[in-house]
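The chain contents come next:
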Amino acid sequence: GGGVGLRQHARRRPELWGRPPGMLAQTDTPTDAGRAQGSARSEGYGQDIHAAEPSMQVGGYQIVYDLRNENRLRGWRDEGMTEISFPLPGMRQFMVCPLEIALRRGSGGCRLAEPNDPELDSIGDARKVVTVVRVYHRGDLVWRGPGAYR
C-alpha cells in the first residue's frame, strides 16, 4: 500500500502550490528591477555597477571617481606613498585603497581603517587627487556630485 499513498500525494500537489483563492494574478517582475539588479551586482565586486567607470570598493561601499591631479598622485608615489583614503558616508572608518588603482584610472578592492589609526598619517587624502563622482552602498546611491565630497 505505500506506493498508492505517494501517487495520491503527487496528484494533489498542484492544488497545494497554486494561488490561494481570491489572490490577484501578478507579474513575476519586481517593481524596482534596476535597483534590485544593482544591489545584486554590487555585492559581487567582480562586476561593478558602472563597469566602464573607475571605482573602488569595500564593505558594500563603491566610490566612482575620476582622476583629477595625476601629477600630485605621481609625486606621492615617488615619495613612497602606496595608498590613498576616502571618508565613507555614515561610517567612522576610512576606505583605504592602493594608490596605483587611481593612477591607472582603474577599479579594485580596498580595505577599511579606523580614524585613529596612526598609519593614516602616511596615507594620502584621496579628495586632493580624485573627484568623487558617486558613492553607492550595497547598490543604493548615497552621494552624488557635483560639489566637494566630504
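Each remark here, short or long, concerns the structure printed above.
Owing to the predicted nature of the structure, the values given are computational and were not obtained by experimental measurement.

## Considerations on the nonpolar core
Part 1: If you look at the biggest cluster of nonpolar residues, it comprises 26 residues, and the most contacted ones within it are Met56, Ile63, Leu73, Ile84, Phe86, Met95 and Val130.
Part 2: Listed by contribution, the elements that provide at least two residues to this core are strand S1 (55–58), strand S2 (61–67), helix H3 (70–78), strand S3 (83–87), strand S4 (94–98), helix H4 (99–103) and strand S8 (130–137).
Part 3: Those residues within four positions of Met95 in sequence are excluded, and the remaining contacts are Met56, Gln57, Val58, Tyr61, Ile63, Ile84, Ser85, Phe86, Leu88, Cys110, Arg111 and Leu112.

## What to know about the pairing of S2
Taken residue by residue, a regular strand's side chains alternate between the two faces of the sheet.
Part 1: For S2, the tally of buried residues reaches 6 of 7 residues, placing the bulk of the element in the interior.
Part 2: Hairpin connection from S1 to S2: 2 residues lie between these consecutive antiparallel strands, with Gly59 at a positive phi of about 50 degrees.
Part 3: Taken together, the 7 bridges between S2 and S8 define a ladder with antiparallel strand orientation. The residue bridging Gln62 from the neighbouring strand is Tyr136, located in S8.

## Overview of the pattern of salt bridges
Part 1: Scanning the model with the defined rule gives 9 salt bridges in all.
Part 2: One salt bridge in this structure joins Glu70 and Arg74, with 2.6 Å as the shortest N-O distance. In this pair, Glu70 and Arg74 both sit in helix H3, 4 residues apart, roughly one turn of the helix.
Part 3: Where Arg92 meets Glu114, a salt bridge forms, and the shortest distance between an N and an O atom there is 3.3 Å. Of this pair, Arg92 sits in the loop between S3 and S4 while Glu114 sits in the loop between strand S6 (111–113) and strand S7 (124–125); the two residues are 22 residues apart in sequence, bridging distant segments of the chain.
Part 4: When salt bridges that share partners are traced, they join Glu70, Arg74 and Arg105 into one network.

## Here's the deal with the packing of aromatic side chains
Part 1: Summed over the entire model, instances satisfying the criterion amount to 1 aromatic pair.
Part 2: Between Trp143 and Tyr149, the ring centres sit 4.9 Å apart and the planes meet at 70 degrees, which makes this aromatic pair edge-to-face. With respect to class, Trp143 is no different from Tyr149; both count as buried.

## Comments concerning the state of the cysteines
Part 1: Counted according to the given criterion, the structure contains 1 disulfide.
Part 2: One disulfide bridge connects Cys97 with Cys110, the sulfur atoms lying 2.1 Å from each other. Since a negative S-S torsion denotes a left-handed disulfide, the Cys97-Cys110 link at about 105 degrees is right-handed. Within this pair, whereas Cys97 is found in strand S4, its partner Cys110 is found in the loop between strand S5 (108–109) and S6, the two being separated by 13 residues in sequence. Just as Cys97 is buried, Cys110 falls in that class too.

## Some remarks on the sheet that holds S1
Part 1: One open sheet holds the 5 strands; their spatial order is S5-S1-S2-S8-S9, and the pairing between them is mixed. Whereas interior strands pair on both sides, the edge strands pair on one side only; in this sheet they are S5 and strand S9 (140–144).
Part 2: When S8 meets S9, the two strands line up antiparallel, connected through 4 bridges. By the bridge assignment for S9, Val135 is matched with Trp143.

What counts and how
Numbers given for residues are sequential positions, taken from 1 along each chain in its written order. Local features in this predicted model are restricted to residues whose pLDDT is 70 or higher, and side-chain atom pairs enter the listing and the counts only when it is 80 or higher, whereas totals over whole chains, interfaces and linings include all residues. Just so you know, side-chain values use all the structure's heavy atoms and leave hydrogens and water out. In this description, a nonpolar core means a group of buried Ala, Val, Leu, Ile, Met, Phe, Trp, Tyr and Cys residues linked to one another through side-chain atoms lying within 4.5 Å. Exposed residues in this analysis have more than 50% of their type's maximum accessible area, buried residues have under 20%, and partly exposed residues fall in between, with area computed by a 1.4 Å probe over protein chains only. We count a stretch as a helix when DSSP gives it H or I for four or more residues in a row; a strand needs E for two or more, and each element gets its number in order from the N terminus. The contact rule is simple, with two residues in contact once any of their heavy atoms fall within 4.5 Å. Here the rule is simple: two strands pair whenever DSSP picks up at least two bridges between them. Salt bridges are counted wherever a side-chain nitrogen of Lys or Arg sits within 4 Å of a carboxyl oxygen of Asp or Glu. Each aromatic pair joins two rings of Phe, Tyr and Trp (for Trp, the six-membered one) with centres within 6.5 Å, and gets the label stacked for planes under 30 degrees apart, edge-to-face for over 60, and tilted for any other angle. Two cysteine sulfurs form what is called a disulfide whenever their separation falls within 2.5 Å.

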